[in-house]
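# Chains, contacts and geometry: an overview
So the chains spell out like this:
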Amino acid sequence: MSDNSSESEVRPPGPREVLVEEHSDSEDSTIASTSSDEEERREIPKSEIPAEYWHIQKLVKYMKTGNQTATVVALCCLKDHDLKTEINQLAIQDIGGLEVLINLLETKDLKCKLGALTVLTELTENPEIRKCIADLGAIDLLVKNLSDPARDLQILVGETIYNVAQIRKARKQVRKYDGIPKLIDLLDVSEHCLITPWSELSEDDMEFVHIAKAAARALWAVSQSRKNVNVMMKSGSVPLLARLLRSIHIDVVIPTVGTISQCANNPHYQLAIETEGMIKDIVRHLSAAEYPQLRRYCAETIFKCAENPLTRDQVREAGGLDPLVAMARDPKARADKPLLAAVTGAIWKCAISPENVVRLDQLKAVQTLVGIIGNVEEASTVLGNSVGALSECVKFEHNRHILRGSGGIPHLVNLLNFVFPPLLENVPKVLKECAEDDESMRIIEELDGVRLIWSLLKNSNPKVIANAAWSLVPCVRNALDSGEMVRCFVGGLELIVTLLKSTDNLVLGAVCAAISEVAKDKENLGVMSDHGVVPLLVNLVNTKDEMLRENLASAIAYCSTWGSNNKQFGRLGAITPLVSYMASRNPNVHRTTALALYYLSKNPFNCITMHESGVVPFLLKTVGSTDEKLQEASAGCLGNIRRLALEAETYHLITRGEKKEESSDEFD
């Protein structure tokens, strides 16, 4: 096997085209895609092919034709070459070396298997080779070798699966060939191995730790599939991952937390993480400043799980808020965009609990978040999560003052010009709370923020539209001259009326709330009436959605005060469905419905319809409510009905008396 062997002895096929630029594949990334259309390719002349290329192909030929000993020797020689070099990888592929290596996985000779896997582990760091390995049916053989009792073989199989499972097809095949339960079984390592320092472990214990690490890495890659996560859940992975999470060996902890972070997208897994008490250990790893990758996955897990109130409490009780805010403030962490996105997301979800906001206030989180959103060069995800956290914090009045004092409102108004949907969902939520404060509202007006919010009603995302409409409610209510301001928005009133044709209840409820506020100005109400707001509102009255019922009734109430709208609502059949709203258990629905019925009852024909629909018993009950607005509206409606009844009775008596007089005159 001399390096000086002539090319004619081997006679391999010519090398395929080679990319001019080498492509790197980071350890924790998904598969990197390379486009042949975008990259310049050139064919390497035979004169430029290094001797190493021919030497590698000769070794592969020995593996094909040689006996067991020759195969092992060839594999050992092959490992001495730099297999991460593209030309060396091509040398193996061009002569069919991948097929040979995969076939060796079927042999009974352990040395051949170990040699083949050592080579494959290194080769599969290349995305293109991963695809070839999956296409050649290697996954089935890899999974079968997981059952081999040889520990060093299990380690190499786990590492190879980790590399190959970066592509979707391989992940599916691992599930298809029942590889997930086998990988989970390899996680079952004694706690002694996990909590004992490396220097004090025996060789056997070290092997067990390496097996757990390899299996955790393989599951980390496999867990990118939702179906695989479900299989992992059913196969009992949760308690084993919880045990690995308590390990002191960072090489085991990182893939474990990475796997948990992937699985945390599943609601059942979120509950399991909570019940297994993993949050305490995850918070502990948040402080590992020398491992930013670990901190990122810990923060991502909290971000995904903290929708649950109990999880948010566990984060606070474990002291997790402090390192999160510290990382958000740390310049080094800010430079790591994926880490910062995870951290701000975790703060956002934790801030949903008022108790957590108290601690965040002590840590001056609002000022930190304002500093982040002030940098428009930040990643959109970071900005979206930061604004989301502010939306929860500013529900408390003192934080609105802090936000205004920190110069946050101009930054927020500026973010309305962005196009990232998750960001545009959150910005109106913050401005909605700020608009309740007079000084903040003046700043929003000066910056033309209301117009920008109104423009979001044209967005294609229903959540953006809904949040923008909700934000308009306090903006219109607290503006200095809301009527004139709204009329200045060209086509604004027509736009908001048109949104009543939406099929999304969240959008409809928010738009109805905005319309009820805009309709308090008579000129604006007249314009909306001309655009057909009444029939569009009537089309919605048969809804069962309580939130929509509440705001729809409010919109009907204020739209009834213009011209013949009152009569039109009754003629189009809105009365009877509204009366049925009074049977709801929601006091907010009672309040707005009673108000709508009060305004509608100013029309005599509507009063008759209400009476026939059985509204009186409901009104008699709500007139005794402790809610003054509900009490007043109910009493007003009853008063109108009673007044109509008295007028009808008086008219009946007068008519009856006149008829008697006429009959007596005729008799005389």
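Residues numbered from 1 in each chain as written. Predicted model: local features only at pLDDT ≥ 70, side-chain atom pairs only at ≥ 80, totals over all residues. Heavy atoms only, no water.

All right, on to the overall build of the protein chain then. On a plain count of helices and strands, the protein chain comes out with 44 helices and two strands. Considering the protein chain as a whole, with its 668 residues, one finds that 51% of them fall into the buried category. Total accessible area on the protein chain is roughly 30500 Å²; 50% of this is exposed by carbon and sulfur atoms. (Helix = DSSP H or I, 4+ residues; strand = E, 2+ residues; numbered from the N terminus. Buried < 20%, exposed > 50% of the residue type's maximum accessible area, 1.4 Å probe, protein only. Areas by Shrake-Rupley, 256 points an atom, 1.4 Å probe, with all protein chains shown as cover.)

This part takes up the pattern of salt bridges. Two side chains carrying opposite charge are able to pair once their charged atoms lie near each other. Enumeration over the complete set of coordinates arrives at 30 salt bridges. With a closest N to O distance of 2.9 Å, Glu159 and Arg217 form a salt bridge. Of this pair, Glu159 sits in helix H9 (residues 151–164) while Arg217 sits in helix H13 (residues 203–222), placing them 58 residues apart in sequence. You can call Arg217 buried: its relative accessible area is 11%. Arg591 serves as the salt-bridge partner of Asp627, at 2.8 Å between the closest nitrogen and oxygen. Note that Asp627 is positioned in the loop between helix H43 (615–622) and helix H44 (628–667) and Arg591 in helix H41 (residues 587–600), a separation of 36 residues in sequence. On the basis of relative accessible area, Arg591 is assigned to the partly exposed category, the value being 27%. (Salt bridge = Lys/Arg side-chain N within 4 Å of Asp/Glu carboxyl O.)

Moving on to the environment of His401. Looking at the element boundaries, His401 is found in helix H27 (residues 397–405). Take His401: its relative accessible area is 33%, and that puts it in the partly exposed class. Sequence separation of His401 and Ser440 is 39 residues, and the distance between their C-alpha atoms is 8.2 Å.

Glancing now at the nonpolar core. Grouped together as the largest cluster of nonpolar side chains are 218 residues, with contacts concentrated most on Ile161, Trp454, Leu457, Met528 and Leu537. The greatest single-element share of this core, amounting to 11 residues, is contributed by H13. Apart from residues lying up to four places away in sequence, Met528 is in contact with Leu493, Ile496, Val497, Ile515, Val518, Ala519 and Val533. (Core = buried A, V, L, I, M, F, W, Y, C linked by side-chain atoms within 4.5 Å. Contact = heavy atoms within 4.5 Å.)

On average, residues of the protein chain score 87 in pLDDT, and 89% of them reach the 70 mark or higher. Ignoring residues within four places in sequence, the model shows residues 1–42, a span with pLDDT below 50, making 71 contacts including any to other chains. (pLDDT = per-residue confidence, 0-100.)

A separate point is helix H10 (residues 168–176). Inspection of H10 places Ala170, Arg171, Gln173 and Val174 among the buried residues, and these make up the whole buried set. Down the axis of H10, the buried set is contained in an arc of 165°. They therefore lie on one face. In H10, the exposed positions that point more than 90 degrees away from the buried face belong to Arg168, Lys172 and Lys176. Those residues of H10 hidden inside the fold are in contact with helix H7 (127–135), helix H8 (138–145), H9, helix H11 (179–186), H13 and helix H14 (226–234). Backbone geometry just downstream of H10 places Asp178 in the positive-phi region, at approximately 60°. (Arc of directions from axis to C-beta.)

Two numbers describe how helix H2 (residues 51–65) lies on helix H3 (residues 68–79): the axes approach to 8 Å, and their chain directions differ by 155°. Comparing their axes, H3 and H2 come out roughly antiparallel. As for how H2 packs across H3, the hand of that crossing is left-handed. Where H2 abuts H3, its residues Ile56, Leu59, Tyr62 and Met63 lie against Thr71, Ala74, Leu75, Cys77 and Leu78. Each residue belonging to the contact of H2 with H3 can be placed in one class, and the counts come to eight nonpolar, one polar and no charged. (Axes fitted to C-alpha atoms, helices over the stretch in contact; angles between N-to-C directions. Parallel < 35°, antiparallel > 145°, perpendicular 65-115°, else oblique. Left-handed = near helix turned anticlockwise from the far one by under 90°. Nonpolar A, V, L, I, M, F, W, Y, C, P; charged D, E, K, R; others polar.)

This part is about the environment of Leu240. The topology assignment puts Leu240 in helix H15 (residues 237–245). For the pair formed by Leu240 and Thr256, sequence separation is 16 residues and the distance between their alpha carbons is 9.7 Å. Setting aside chain neighbours within four positions, we find Leu240 in contact with Ile184, Leu187 and Asp188.

The next point concerns the side chain of Asp148. Position of Asp148 among the secondary structure elements: in the loop between H8 and H9. Within the local environment of Asp148, its side chain forms a polar contact with the backbone nitrogen of Ala150, the two atoms lying 2.9 Å apart. Filtering out sequence-adjacent residues up to four positions away, Asp148 remains in contact with Lys113, Leu153 and Gln154. (Polar contact = N/O pair within 3.5 Å; in protein donor to acceptor, adjacent residues only side chain to side chain.)

What follows concerns unusual backbone geometry. Leaving glycine aside, a negative phi is the common case for residues, and trans is the common case for peptide bonds. Although it is not a glycine, Asp178 adopts a positive phi angle of roughly 60°. As for its position among the elements, Asp178 is in the loop between H10 and H11. Positive phi is not limited to glycine here, since Asp448 has a value of about 60°. Position of Asp448 relative to the elements: it lies in the loop between helix H30 (438–446) and helix H31 (449–455).

The next thing to look at is a positive patch on the surface. Where like charges cluster on the molecular surface, the positive patch consists of Arg168, Lys172, Lys176, Arg226 and Lys227. Elements represented by at least two residues in the positive patch include exactly H10 and H14. The residue Lys227 is located in helix H14 in this model. A relative accessible area of 56% places Lys227 in the exposed class. (Patch = residues over 30% accessible without salt bridge, like charges linked within 9 Å, V, L, I, M, F, W, Y side chains within 5 Å. Lys, Arg positive; Asp, Glu negative; His and termini not counted. Charge placed at Lys NZ, Arg CZ, Asp CG, Glu CD.)

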